[in-house]
Amino acid sequence: MTDPQIAIMMLGIFILIIFFGFPIAFTLMALGVIFGYYAYYNPGRMWRDYDRAVEAGANNWELLETWVGGFFNNRIFDLFVNQTYSVMANEVLTAVPLFLFMGYIVERANIVDRLFSTLYIAAKRLPGAMAVAALITCALFATATGIVGAVVTLMGLLAFPAMLKARYNTGFASGVICAGGTLGILIPPSIMLIVYAAASGVSIVRLYAGALLPGFLLAGLYLLYIIGRSMLQPSVAPKPREEEVGDIPTSRLVLMILTSFVPLAVLIMAVLGSILFGLATPTEAASAGALGGLGLAAVYRALTWQRLREAVYLTLKTTAMVCWLFVGSWTFSSVFSYLGGEHLITEFVTGLDISTLTFLIMAQLIIFLLGWPLEWSEIIIIFVPIFLPLLSIFGVDPLFFGILVALNLQTSFLTPPMAMSAYYLKGIAPPHVQLVEIFRGCMPFLAMVFLAMIVLYNVPGIVFWLPEMIYGR
């Protein structure tokens, strides 16, 4: 077999192994080292000292020691150490644990229940008022945390039972919670965009600026669907009875907004604004956001030692997962490229003689299918780098490609059979709520994601307008 064929075999073995449930980061590292040992195998270099020891008549212990040293004198081990150091020293990734910590602290600040109640009262005259309030709460909370499972679970415990009690259709209510919870991986400050920036080399501030309008576009489509369906089919979202919302004075409503909506919105805007307008680096803004999250938790009297310890533990756990995924992925991809696998894929794709639009659709279809068995972090770190060398060939801006990927990855949480948002919600939903009902409720929101992608394909200026206005071309 030629080296490029071995590289493709390496990729195939990896895909096969992950379906058996092995840890992906360590699978990547193991395959990278094993195939890298073959790729960099050079007996003349590796056992040069051993041959000299034999000629010098060294004793058996010295020969064994020299032979073992020669066995580990393979450049793959140097590569592995260098890749590990590069990941740990990556300044872009430094923002990940800080944003995660901010999210976990905000999650524990007891702000979401107040926010949901306030938005529901403020929107009570809109069709589907509770669903509108739930979606906006999900969007704000998801933006602040960036942790899909946490948002869906918490909103599933808070808003989902309230909607069922208000006689909302089960599938409709399920779709609102599941779709709203995923918005945090698209709307800045998104951890997913930080990971993409580290993997692709694209400026994170440009990515954040480019993701704002598409994020609002998708959230707007969700809201239009909720209000439109509530108007056309009132039975799915009955209007609240007067005794359910009460007659809240305007002054009290303003106070409720000031104490629930404003603090979280100000925290998000301060973090995001300082990044977009160059007042702080993403790491510095994330540090300020983490401090702001601690301040919010303290103000809402939710800052306990137990909650702080949980937030730190979860931050370390998730950060370690991301970092080891990067180490494994970069080791794997370096060996894959050295063996010629990347060149082979490039030749194959360019040999298809397809247009730029066809390439984009093909790439997004592959990412869509990968979203069934894999998490977004694994897709971004492992598979997206395979497409990156092809972007220049087809004249695709990596910024535009990254936003399309972020939009596409919304589908990985909503598409059966591996719709993780649905499983998160099912795990805490009442027993009578069937998984098939949750899947059915996600389908219209999945259609909204596809519609948003079609809009971006046809109007790419939605992505480029804000970055070019702030930073120029």
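Residues numbered from 1 in each chain as written. Predicted model: local features only at pLDDT ≥ 70, side-chain atom pairs only at ≥ 80, totals over all residues. Heavy atoms only, no water.

Chemist: Any chance you could explain the nonpolar core here in plain terms?
Modeler: Side chains of nonpolar character tend, in soluble globular proteins, to be buried together. Counting residues in hydrophobic clusters, the biggest one holds 172 residues, and the most contacted among them are Phe99, Tyr222, Phe326 and Phe401. Ignoring anything within four residues of it in the chain, the contact list for Phe326 reads Val87, Leu93, Val195, Ala198, Ala199 and Ile381. (Core = buried A, V, L, I, M, F, W, Y, C linked by side-chain atoms within 4.5 Å. Buried < 20%, exposed > 50% of the residue type's maximum accessible area, 1.4 Å probe, protein only. Contact = heavy atoms within 4.5 Å.)

Chemist: When you look at the side chain of Thr411 in this model, what are you seeing that I'm missing?
Modeler: Inspection of the secondary structure assignment puts Thr411 in the loop between α21 (398-408) and α22 (420-428). Looking at Thr411, its side chain comes within polar contact range of the main-chain oxygen of Asn408, at 2.5 Å. Beyond its immediate chain neighbours, meaning those up to four positions away, Thr411 contacts Phe368, Leu446, Val449 and Phe450. (Helix = DSSP H or I, 4+ residues; strand = E, 2+ residues; numbered from the N terminus. Polar contact = N/O pair within 3.5 Å; in protein donor to acceptor, adjacent residues only side chain to side chain.)

Chemist: Looking at this model, I keep getting lost on helix α2 (residues 24-39). Mind explaining?
Modeler: Every α-helix winds through 3.6 residues per turn, so residues three or four apart in the chain are directed the same way. Given a rise of 1.5 Å per residue, 16 residues ought to cover 22 Å, and the 22 Å separating the end C-alpha atoms of α2 matches this to within 8%. Those residues of α2 that fall on the buried side of the exposure criterion are Ile24, Ala25, Thr27, Leu28, Met29, Leu31, Gly32, Phe35, Gly36, Tyr37 and Ala39. In this fold, the buried residues of α2 make contact with α1 (3-18), α3 (43-46), α5 (60-71), α6 (75-88), α17 (305-338) and α20 (376-394). (Expected span 1.5 Å × (residues − 1).)

Chemist: What should I look at first to understand the environment of Val54 in this one?
Modeler: In this fold, Val54 is placed in helix α4 (residues 48-55). Accessibility expressed as a relative area gives 44% for Val54, which makes it partly exposed. Along the chain, Val54 and Thr66 lie 12 residues apart, while their C-alpha atoms are 9.7 Å from each other.

Chemist: Looking at this structure, I do not really get α6. What am I missing?
Modeler: Helix length check: α6 (14 residues) gives 20 Å between terminal C-alpha atoms against 20 Å at 1.5 Å per residue, within 8%. The set of residues buried in α6 consists of Ile76, Leu79, Gln83, Thr84 and Val87. Buried residues in α6, looked at end-on, bunch into an arc of 135°, giving them a common side. Away from its buried face, by an angle of more than 90 degrees, α6 presents the exposed residues Val81 and Tyr85. At its buried positions, α6 is contacted by α2 and α17. (Arc of directions from axis to C-beta.)

Chemist: Just to check I follow, could you spell out unusual backbone geometry for this structure?
Modeler: Only a minority of non-glycine residues have a phi that is not negative, and only a minority of peptide bonds are not trans. With an omega of 0°, the peptide bond running from Pro188 to Pro189 counts as cis. Considering the arrangement of structural elements, one finds Pro189 in the loop between α11 (170-182) and α12 (191-200). Positive phi values are uncommon outside glycine, yet Arg167 reaches one of about 70°. With respect to the helices and strands, Arg167 occurs in the loop between α10 (148-165) and α11. Its relative accessible area of 34% is what places Arg167 among the partly exposed residues. Residues other than glycine seldom take positive phi values, yet Asp353 does so here, at roughly 55°. One can find Asp353 in the loop between α18 (341-351) and α19 (356-370). Owing to a relative accessible area of 69%, Asp353 belongs among the exposed residues under this scheme.

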